[in-house]
Amino acid sequence: MLSKRTLLRSAAMAALVATTARPTLVNAKSSADWPNLIEAKDIAEEGFIYGLPIVLNYGTMYEFAVDRKSGQFKAPFNQIKNLSQVATYKDTAVVTPNSDTPYSILWVDLRAEPIVVSVPPVDPKRYYSVQLIDGNTFNYGYIGSRATGSDAGDYMIVGPEWKGATPAEVKKVFQSTTQFSLVLFRTQLFDPGDIDNVMKVQAGYKAQPLSAYLKQPAPSASPAVNFPKIDKKLAKKNFFEYLDFCLQFAPALESEKDIRAKLARIGVGPGKTFSFKDLPLEHKAEILIGMKQGERKVEEAVAKGGVSLNGWQVNSFFGDGQFYNGDWLKRAAGAQAGIYGNDSVEAVYPLTRVDDDGNPLDGSKHNYTLTFPADQLPPVNAFWSVTMYDGKTQLLIKNPVNRYLINSPMLPGMKKNADGSLTLYIQHKSPGAEKESNWLPAPDGPIYTVMRLYWPKTEAPSMLPVGKGTWQPPGIHVA
């Protein structure tokens, strides 16, 4: 009987021979230092799971803040870009995009000095949030309706090694674990006619370096960074090169020391120069098998994560570094399911690919309904939504009514049943004029659906704590 090592080696070599003309003799790390076959495969698997959110985040940052020709470019670092519309099928840089709230997007470079973010007073009836997400995809702080209230305020964002003083006018300091970070503003839009009011709120969002805030001379500029080009194809091909690049801006946390030490054994880490193309054929095979196994584990974690409630998977995938505490699979599952998700106290995300009988949702085979019983709509302090995505790409779907979701602000224009319940019609083609107000257009194929509950209630009925709350989402039923 062949040993596990022999089987792995045989499978790896067979997978590569067809695509590689000859083995390369140059290596980024000497063969004497390289782990054995099983160890290298395991490190690649763990490294892929650990690094997936970091690389996905880099890909988004590159398109949004670096590559002006990406088609998704928003603004350079330290400048806010206000988007005066919600996401549509044309927005492809982020999987499972939120189409509930116009975004304001700010990528910050914290290497030279902190950035001060200021918010205006916001009508308490209008939900808004400012989510702080670092390059590790940790949610390290919040500003907004739930977290800080509706009053105006100045807040300071600092890098991982900042030790300076806090100005008296600054209400709170938030420390990122990485030198580059994302500040994501969400401003509630009540209806299409409300957009001018949203834009007025957005105009009050400000970001400026600490020196400008204090009206002092700016410190020396940080060195220019040669950001490597990335796209989906390159991210798969050169995954560990991108992770290698990103880690130089992310000092190791206590929870990362073990995985960082393992990655260093295959040449990945700050100051390393991992180069997949320069690895010998055998080492390439070990890396590829490990990555494939890691990818499979992430997909399984997304599919099985959390608690199943009437076909919906409900989990708390998102939080700060302490929340994950080294559980890199949970972090990767969150990034894969929908990167930049909120902490559960800010928003809860039931998601599903199956109906209430556990069968895959498919708009080419069935029409579906989702019915909320009378007085049993999602329990929130702000608002809720149900958004439709293509099951293959997790992107929004082009449809004849330009409707990507149904949410609570739309309720006045929707029709309720005689018993007071609310039925949504989930199908590829229109259900007819009488029901079109309640139509959520579906793809002509696999369906992925996400419910969002913004600022979920904590008193019963509630979805909190996640998976154990007193309210459950109703199942999607074949019509």
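In what follows, the accompanying structure is described. For clarity, every value in this text was computed on a predicted model and none was experimentally measured. (Residues numbered from 1 in each chain as written. Predicted model: local features only at pLDDT ≥ 70, side-chain atom pairs only at ≥ 80, totals over all residues. Heavy atoms only, no water.)

We now examine the pattern of salt bridges. Throughout the structure, instances matching the rule amount to 15 salt bridges. In this structure, the salt-bridge partner of Asp278 is Lys277, at a minimum N-O distance of 3.4 Å. Take Lys277: its relative accessible area is 57%, and that puts it in the exposed class. Taking the shortest distance from any N to any O, the salt bridge between Glu295 and Lys292 comes out at 3.6 Å. A residue pair is termed a helical-turn pair when its members lie 3 or 4 positions apart in one helix, as Glu295 and Lys292 do in helix H8 (residues 281-304) at three residues. Salt bridges sharing partners connect three or more residues here, namely Lys41, Asp42, Glu45 and Lys297. (Salt bridge = Lys/Arg side-chain N within 4 Å of Asp/Glu carboxyl O. Buried < 20%, exposed > 50% of the residue type's maximum accessible area, 1.4 Å probe, protein only. Helix = DSSP H or I, 4+ residues; strand = E, 2+ residues; numbered from the N terminus.)

This part takes up helix H6 (residues 239-247). With eight of nine residues buried, H6 lies mostly within the body of the structure. Taken as a whole, H6 has its buried residues at Phe239, Phe240, Tyr242, Leu243, Asp244, Phe245, Cys246 and Leu247. Structurally, H6 contributes buried residues whose contacts are with helix H2 (37-66), helix H5 (232-237), helix H7 (257-264) and H8. (Contact = heavy atoms within 4.5 Å.)

In this section: the sheet that holds strand E17 (residues 422-427). An order of E18-E17-E14-E20 is seen for the four strands of this open sheet, with the pairing classed as mixed. Looking at which strands have only one partner, the edges of the open sheet turn out to be strand E18 (439-441) and strand E20 (476-478). Sheet twist, expressed as the average angle between the axes of neighbouring strands with direction ignored, equals 30 degrees. (Pairing = 2+ DSSP bridges. Axes fitted to C-alpha atoms, helices over the stretch in contact; angles between N-to-C directions.)

Turning our attention to the packing of aromatic side chains. The final tally for this structure, using the stated rule, is 25 aromatic pairs. When the centroid spacing of 5.7 Å and the interplanar angle of 50 degrees are considered together, the rings of Tyr127 and Tyr454 count as tilted. Residue Tyr127 is found in the loop between strand E3 (115-119) and strand E4 (128-134), and its partner Tyr454 is found in strand E19 (residues 447-454); the two are separated by 327 residues along the sequence. Each member of the pair, Tyr127 as well as Tyr454, is classed as buried. Clustering of aromatic rings is evident, with ring pairs tying together Tyr58, Tyr62, Phe77, Phe180, Phe227, Tyr242, Phe245 and Phe249. If you follow Lys74 out to its NZ or CZ, it ends over the ring of Phe64, 4.0 Å from the centre. Directly above the ring of Tyr448 sits Arg353, whose terminal nitrogen or CZ lies 4.2 Å from the centroid. (Phe/Tyr/Trp six-rings, centres within 6.5 Å; stacked < 30°, edge-to-face > 60°. Lys NZ or Arg CZ within 6 Å of the ring centre and 35° of its normal.)

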